[in-house]
Amino acid sequence: MAGKRIIAICQSGGEFETDKDGFLSYKGGDAHAMEMDEKMNYSDFKMEVAEMFNCSLATMSVKYFLPGNRKTLITISNDKDLKRMIKFHGDSGTTEIYVMAEEAVDPDFSNMPGSRSSRTTLSEMAVPVEAPLSVVEDIVDDPNEPGLLLDANFDVVGDTNNVDDTIEIAAEMPVPVSFAAANYDEKNAKAALQWQNDITGVGQRFNSVHEFRETLRKYAIANQFAFKYKKNDSHRVTVKCKAEGCPWRIHASRLSTTQLICIKKMNPTHTCEGAVVTNGYQATRSWVASIIKEKLKVFPNYKPKDIVTDIQKEYGIQLNYFQAWRGKEIAKEQLQGSYKEAYSQLPFFCEKVMETNPGSLATFTTKDDSSFHRLFVAFHASLYGFEQGCRPLLFLDSIFLKSKYQGTLLAATAADGNDGVFPVAFAIVDSESDDNWRWFLLQLRTALSMCRGITFVADREKGLRESIAEIFQGEDVFHGYCLHYLSEQLIRDVRGQFSHEVKRLLVEDFYGAAYAPKPEGFQRCVESIKSISLDAYNWVMQSEPINWANAFFRGMRYNHMTSNFGELFYGWVSDAHDLPITQMVDAIRGKIMELIYTRRTESNQWVTRLTPSMEEKLEKESLKFNSLQVLMPNGTKFEVRGDTIEVVDIEQCDCSCRDWGLSGLPCCHAIAVMGCLAHDPYDHCARFFTADSYRSTYSESIHPIPSLERPKKKDASQAAVTVTPPPTRRPPGRPTTKKVGFHEVARRQLQCSRCKGTGHNKSTCKEVLLER
């Protein structure tokens, strides 16, 4: 093993399962990787793992399997154990280790004296941790934060066989240099002054031990001293000043037959230098959460770096970024509720959606282990509005969710008569896959009462081509390929070293071919592509133009060529993605409800026959017909002369320029004919563009869901359905916030200044190497 390293795959938060042969397998949880060698000592190893999973050093247990043995777990408890593990796995290069702790119990039910241990749960993941007595509840609120890790070296005072003797343990954790009291800015600690007299003396009462501890912590911060616990359990707390020799001391205990905590003894005198000699404060993550919670409610995007600045300014305490981030996570959970609990609420939530909004469809599925798989939601108001007033056009697209448990949102949106986004249905799934898209379309088919004549604008990948054809078979349904995804695939697949400018021209010609109303225009654009690249031309001709080119497409897509039409809707999702799943869905519901009300109110003020945007388009076409000449043959077909010669068929609502058929609004040639026939152009517009149809779209309302809290007791007739979070958790590190534009197709690549090729620079250019 000399000089060699192994990769340790560290796992925590999951569970072991035993198969019929007695072999153990680990399911769920979180995983990280770290490099190890034989020089690593046990203390450093344990510290790094504790920071990795936010575990308590004092209670963490680390185990592993011997190579080829999945039945027996081996414990690592010292340097020799660690070196043996590295030696055993030296040949394989990797090993799996498991971070575990004992199950927690509620300390309030403990009747043990202060010198014995009690327990607490330190995280929502329910990675149970057994803690020493003086570290119960949130006194070590976050032993996982850098600078707040529990010091496992504690002094035992007196004879440990005597139950009245105390175990003395420092409540203050090892603090980085930046936490030193020298950094305490007294001028900037004005906000803490309000707590200077929170502890008044003997006889003061508190509603609970937790309230006493929180008050004591604030009192210490305001008076600039640190303390440590000598006794600490569910019914008594003894605290002394951390400075050696300082007589300040306080003892509080529960009043008999009540839950009240009363201060029984107190020496309020300090002989220490207070902040000058201390090395930290009681600034736990729960304290940070309590301070920032109200501000976070008003400013949901309150950044950890701003929290650090504000805490320093208002309380004179220097936090690090990680502490601020942890405090914000706790405050968010207190405001929003538990992510884990939200999944367990899904059955009740779906029932409530359909109960409060009759005609809606809300359904979910779980995997074999009861973990969340997918959720589909379509409100009656959305389904009714689409079928009554919108064009039979649905855009299918997805957006990645950056929530705690990740996932993907699949959506079907429509275009209302004013070309506004109208959400129809959406689903939250564990990942974007062919199977999940197929499931989404099956639910959508169930929710819609009428599917004939619908055109889907969607990617041809992800199984959508096959799923749409299969699920809507015989419904006269069409699939228009999304140009955005097609053009991206064209750039990826085409061979040759093309510059950014050439790729841009390829995409422009490709879009030109798609929008061309006639085959001749389509052919001109693809010939232009052919002059640039024969491979690109062949790719275009083999990409089924019948499904994306206006010249050949058999359905009606009203010149909507990309599936990312619903940007407004995806913006709502982005704003709500960090909420627990039921609250995220309810936030989206609230946005749709507000959208329907606002647009309904606005449309009631319209006095035009068409929607505003369509009125504007029709007016622009009307300005062109004065220069046109109409020949009046017998029958319903008319010849119109201008820059071109076109044939208009009034009865069929068709013009040889094809603009009328593609847009649903009469073109200038048709308007010229209508002028000669004294016809009203409004009578020849598609009904979807009328103000009345628009009002029908927004005529139904989405009703509020009164409560998301699951009832504590269910009727015997109700089946108990358990839903747990999916095993996909957000990876470590700050999530990306960069938003890539929908039409950013030909992205700039590294370009060689010598050969002008892409994907490399001149130092790695192959032509240079060949010359040498």
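Position numbers for residues start from 1 in each chain and track the written sequence from start to end. Residue-level local features of this predicted model are given only where pLDDT is at least 70; pairs of side-chain atoms are given and counted only at 80 or more, and the full residue set underlies all totals for whole chains, interfaces and linings. Think of the side-chain values as coming from all heavy atoms in the structure, minus any hydrogens and water.

A. Summary view of the pairing of strand β5 (residues 61-65). Exposure classes here rest on a 1.4 Å probe applied to the protein chains alone. A residue is buried below 20% of its type maximum, exposed above 50%, and partly exposed in between. Runs of H or I in DSSP of at least four residues are treated as helices and runs of E of at least two as strands, each being numbered from the N terminus. Counting buried residues along β5, four of its five residues qualify, which places the element largely inside the surrounding structure. The pairing criterion is simple: DSSP has to find at least two bridges between the two strands. In the sheet, β5 pairs with strand β7 (residues 94-100) via four bridges, with the strands oriented antiparallel. Its bridge partner being in β7, V62 is matched across the sheet by V99. Pairing analysis gives four bridges linking β5 to strand β6 (residues 73-76), with the strands arranged antiparallel. Its bridge partner being in β6, K63 is matched across the sheet by T75.

B. Examining the environment of G389 more closely. Along the polypeptide, G389 turns up in helix α9 (residues 380-389). Taking relative accessible area as the criterion, G389 reaches 0% and is therefore assigned buried. The spacing of G389 and D416 is 27 residues in sequence and 7.1 Å in space, taken between C-alpha atoms.

C. Geometry of the sheet that holds strand β4 (residues 30-36). The sheet built from five strands is open, its strands ordered β4-β1-β7-β5-β6 with mixed pairing. Each having just a single partner strand, β4 and β6 make up the two edges of the open sheet. Strand after strand, the sheet turns through a mean of 35° between neighbouring axes, direction not considered. Most of the contacts of helix α1 (residues 42-53) go to β4, to which it runs at about 150°, and overall it touches β1 (6-12), β4, β5, β6 and β7. For every element, the axis is a line fit to its C-alpha atoms; helices are fit only across the contacting stretch, and the angle between N-to-C directions ranges from 0 to 180 degrees. Here, residues are in contact when the closest pair of their heavy atoms is within 4.5 Å.

D. How the structure looks around helix α20 (residues 668-677). Of all ten residues making up α20, seven are buried, and the element is well covered by its neighbours. C668, H669, A670, I671, A672, V673 and M674 are the residues of α20 that are buried. Turning to α20, the residues buried within the fold contact α18 (612-622), β22 (629-631), β23 (637-641), β24 (645-649), β25 (654-655) and α19 (659-663). Just past α20, the residue A678 takes up positive phi, approximately 60°.

E. Main features of a negative patch on the surface. There is a patch of like negative charges on the surface, built from E15, E17, D368 and D369. Looking at the secondary structure, you find E15 in strand β2 (residues 15-18). The exposure class assigned to E15 is exposed, which follows from its relative accessible area of 58%. Each patch is built from residues that are more than 30% exposed by relative accessible area and take part in no salt bridge. Like charges join if they lie within 9 Å; nonpolar side chains (Val, Leu, Ile, Met, Phe, Trp, Tyr) join within 5 Å. Each accessible area is a Shrake-Rupley result for a 1.4 Å probe, and residues are judged covered by the shown protein chains and nothing else. The rule for a salt bridge is simple: a side-chain nitrogen of Lys or Arg has to be within 4 Å of a carboxyl oxygen of Asp or Glu. Counted as positive: Lys and Arg. Counted as negative: Asp and Glu, with His and the chain ends omitted from the count. Charge placement uses NZ in Lys and CZ in Arg. For Asp and Glu, CG and CD serve respectively.

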